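Observations on chain architecture
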Amino acid sequence: MNELNIRQDTKTNNLIRDFVILLDFIVLNVLFCLWFYIDGEWRQLSHSHDVFGPLFVANLGMVVAQYFYSTVIHKHRSTTDQVLRQVTYLALLQGVATCVLAAIMSPATGKPAPALSFTAISTMVLYIGLLVSRFAERWAVKHFRRIGRNTRKVVFVGADESMLPIYDFLVGDPASGYRVEGYFADNTLQDAPDGLRHLGTLAEFDYKMATVQGEGSVDELYCCIPASDMERIRRIMFYCDNHVVHFYFIPAISRTFGHLLKPENIGGTTVFTNWGEPLMIPANKFIKRSFDIALSSVILLCLLPFLPLIALIIKIQSPGPVFFKQARTGLNGREFFCYKFRSMHVNSDADRVQATEHDPRKFAFGNFMRKTNIDELPQFFNVLRGDMSIVGPRPHMLYHTEMYRKLIDKYMVRHFVRPGITGWSQVTGFRGETKELWQMEGRVRRDIWYIENWSVWLDIRIIFKTAWQVFVRDKNAY
């Protein structure tokens, strides 16, 4: 029975994948035809039947792109980030493949290859069309699985906190189609989510394994019991193999260490660390640093024409230097000098006291700069030097680092990555003055979450949310 369910599930997944690929080609051809209909010059080509050549090349480019970056929404474990990434790569590769194929085929057809501007515009239009289509398809798949079709049943064995992230992932997105039945364990799991039911003891699970012979009630089993109970783990694996149930082992380590350890591959061997850091991977470091250098260079070049005007206004309203330089804590706890446009009158409390909403030290233009983030622009120079990143935990004054490291557990973990001009804390309500300890604790939790969940897409999301705050005033910006 379970083997039949798995075959049906795989068949349904393949049908979803093929249907989505077909829709991608439909989207491409509809947008292509609309372009020919709207654009007068191209409409003349369509009357002379020359439209079929470019249309054929565009479809051939889509075939190449689909071979490498086909859809992933049919997979149960696909995430929104993965869907976005696949669509982005699919559209880009389709554009590049179409351009290359047109250049190769143009001598044979006697037709000129399309201009790069046309290829860029058509790729962007296709990208938008595929995004709209993909989210509509994902909504349809989510609805299809929510009503109980194309689902996978899951059971957990054990009661260790290490299984909670897996549970959250499986049930977090209805589009994944997972139905968690519950867990078997001798002890109930403390602070278990409402949907994670205790199904019985390990002895009761042993009885079910011994009595169920021809039918399996689940598709996947996640075992999270201590490795010392090796005999029971072997029995569970044997049961799963004989009943076509996918077996996964989650090391039960939170009880031993009091913390959820993260797996990491070193030399082909899986080891566990107390903090997972995607930015420890050299490829991720290179991507983030390259992005930082490219964007900060552009912004600094754009800033140059406005620098004299900003400097003049600062000098008129407040005697003193144009730039404010302050020692702050950076990567791995090292000190560096952080640069800003000076927004306060020169004072002796600058290295100890945070800015407040009605701080008398601020002058008028300085207050405006702080509300609109203009005062932070010189920090792109820090980014170019390598002291900072565009996105990361905000660097704190040395005085605050020494104070909070004694008051907040794991406070120094936020220094495992370069500090940022903006960060996840700043765009989720923890920007500005920290009047009470719980506010700094919330900021630290969000900084650590960012470190453990970094991705290019997360950085882009934070940058867009920060840019939005320039137009929609943040009540904590002062």
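Per chain, residues are indexed from 1 in the order of the written sequence. For a predicted model such as this one, the threshold for reporting local features is a pLDDT of at least 70, and the threshold for listing and counting side-chain atom pairs is 80 or more; totals across whole chains, interfaces and linings nevertheless cover every residue. With hydrogens and water stripped out, all remaining heavy atoms of the structure feed into the side-chain values.

Turning our attention to the overall build of the protein chain. Along the backbone of the protein chain there are 16 helices and eleven strands. Only the protein chains shown count as cover for residues, and all accessible areas are computed by the Shrake-Rupley method using a 1.4 Å probe. Counting only carbon and sulfur atoms, one obtains 63% of the accessible surface of the protein chain, whose full area is about 25900 Å². We count a stretch as a helix when DSSP gives it H or I for four or more residues in a row; a strand needs E for two or more, and each element gets its number in order from the N terminus.

Here we come to the nonpolar core. Nonpolar side chains in soluble globular proteins tend to end up buried together. One finds I310, I314, F341, Y450 and I462 to be the most contacted residues of the largest nonpolar core, which totals 27 residues. Apart from residues lying up to four places away in sequence, F341 is in contact with L303, L307, I310, I314, V322, F323, F324, M369, I374, D375, L377 and P378. Counting residues in hydrophobic clusters, the runner-up holds 19 residues, among them F32, A65, V87 and L131. Remark: nonpolar core denotes a set of buried residues (Ala, Val, Leu, Ile, Met, Phe, Trp, Tyr, Cys) joined through side-chain atoms within 4.5 Å. Burial here depends on accessible area, computed with a 1.4 Å probe over protein chains only, as a share of the maximum for the residue type. Under 20% is buried, over 50% is exposed, and the range in between is partly exposed. Pairs of residues are marked as contacts when any of their non-hydrogen atoms sit within 4.5 Å.

With five of its seven residues buried, strand β2 (residues 178-184) lies for the most part within the structure. Two strands pair when backbone bridges link them, and strand β1 (residues 152-157) and β2 are joined in this way by six bridges, in the parallel orientation. Counted as the bridge partner of V155 is G182 from β2. For two strands to be treated as a pair, DSSP must find at least two bridges joining them. Bridge count between β2 and strand β3 (residues 198-200): two bridges; the pairing is parallel. Paired with Y183 across the bridge in β3 is H198.

Each strand in a sheet pairs with its neighbour through backbone hydrogen bonds, running either in the same direction (parallel) or in the opposite one (antiparallel). Pairing is parallel in the open sheet, where five strands are placed in the order β3-β2-β1-β4-β5. With partners counted over all chains shown, the strands left at the sheet margins are β3 and β5 (246-249), one partner each. The average angle at which neighbouring strand axes cross in this sheet is 30°, direction not considered. In the sheet, β1 pairs with strand β4 (residues 220-223) via four bridges, with the strands oriented parallel. Residue pairing across strands places F156 opposite Y222, the latter belonging to β4. For every element, the axis is a line fit to its C-alpha atoms; helices are fit only across the contacting stretch, and the angle between N-to-C directions ranges from 0 to 180 degrees. The strands touched by helix α8 (residues 230-242) are β1, β4 and β5; relative to β5, the strand with the most contacts, the crossing angle is about 155°.

Moving on, we come to helix α12 (residues 364-372). Within α12, the full set of buried residues consists of F365, G366, M369, R370 and T372. In the stretch just after α12, N373 is the one whose phi turns positive, near 70°.

The next thing to look at is the packing of aromatic side chains. Each Phe, Tyr or Trp ring (for Trp, its six-membered ring) is paired with any other whose centre lies within 6.5 Å, and the angle between the two planes then decides the class: stacked below 30 degrees, edge-to-face above 60, tilted in between. In the structure shown here, the tally under the stated rule is eleven aromatic pairs. With a centroid separation of 4.9 Å and an interplanar angle of 15°, the aromatic rings of Y222 and Y248 are classed as stacked. One end of the pair, Y222, is in strand β4; the other, Y248, is in strand β5, and 26 residues separate them in sequence. Overall, the relative accessible area of 5% leaves Y222 in the buried class. For the pair F323 and F341, a centre-to-centre distance of 5.4 Å together with 20° between the ring planes defines the contact as stacked.

Turning to the environment of M388, a few remarks are in order. Examined against the element boundaries, M388 turns out to sit in the loop between α13 (379-385) and β10 (389-391). Relative accessible area serves as the criterion here: at 0%, M388 is assigned to the buried category. A sequence separation of 58 residues divides M388 from G330, and the C-alpha atoms of the two residues are 7.5 Å apart.

It is worth spelling out unusual backbone geometry at this point. One non-glycine residue, N332, adopts positive backbone phi at about 60°. The residue N332 is located in the loop between β8 (323-329) and β9 (335-341) in this model. By relative accessible area, N332 is classed as exposed at 52%. Residue N373 is not a glycine yet carries a positive backbone phi of 70°. For N373, the position within the fold is in the loop between α12 and α13.

Here, a salt bridge means any Lys or Arg side-chain nitrogen found within 4 Å of an Asp or Glu carboxyl oxygen. A complete count under the given rule lists 15 salt bridges for this structure. The shortest N-O distance in the salt bridge between R385 and D387 comes to 3.5 Å. Residue R385 is classed as partly exposed on the basis of its relative accessible area of 48%. With its nearest N and O atoms 2.6 Å apart, the salt bridge here joins K410 to D409. Taking the relative accessible area as the measure of exposure, D409 reaches 60% and is therefore exposed.

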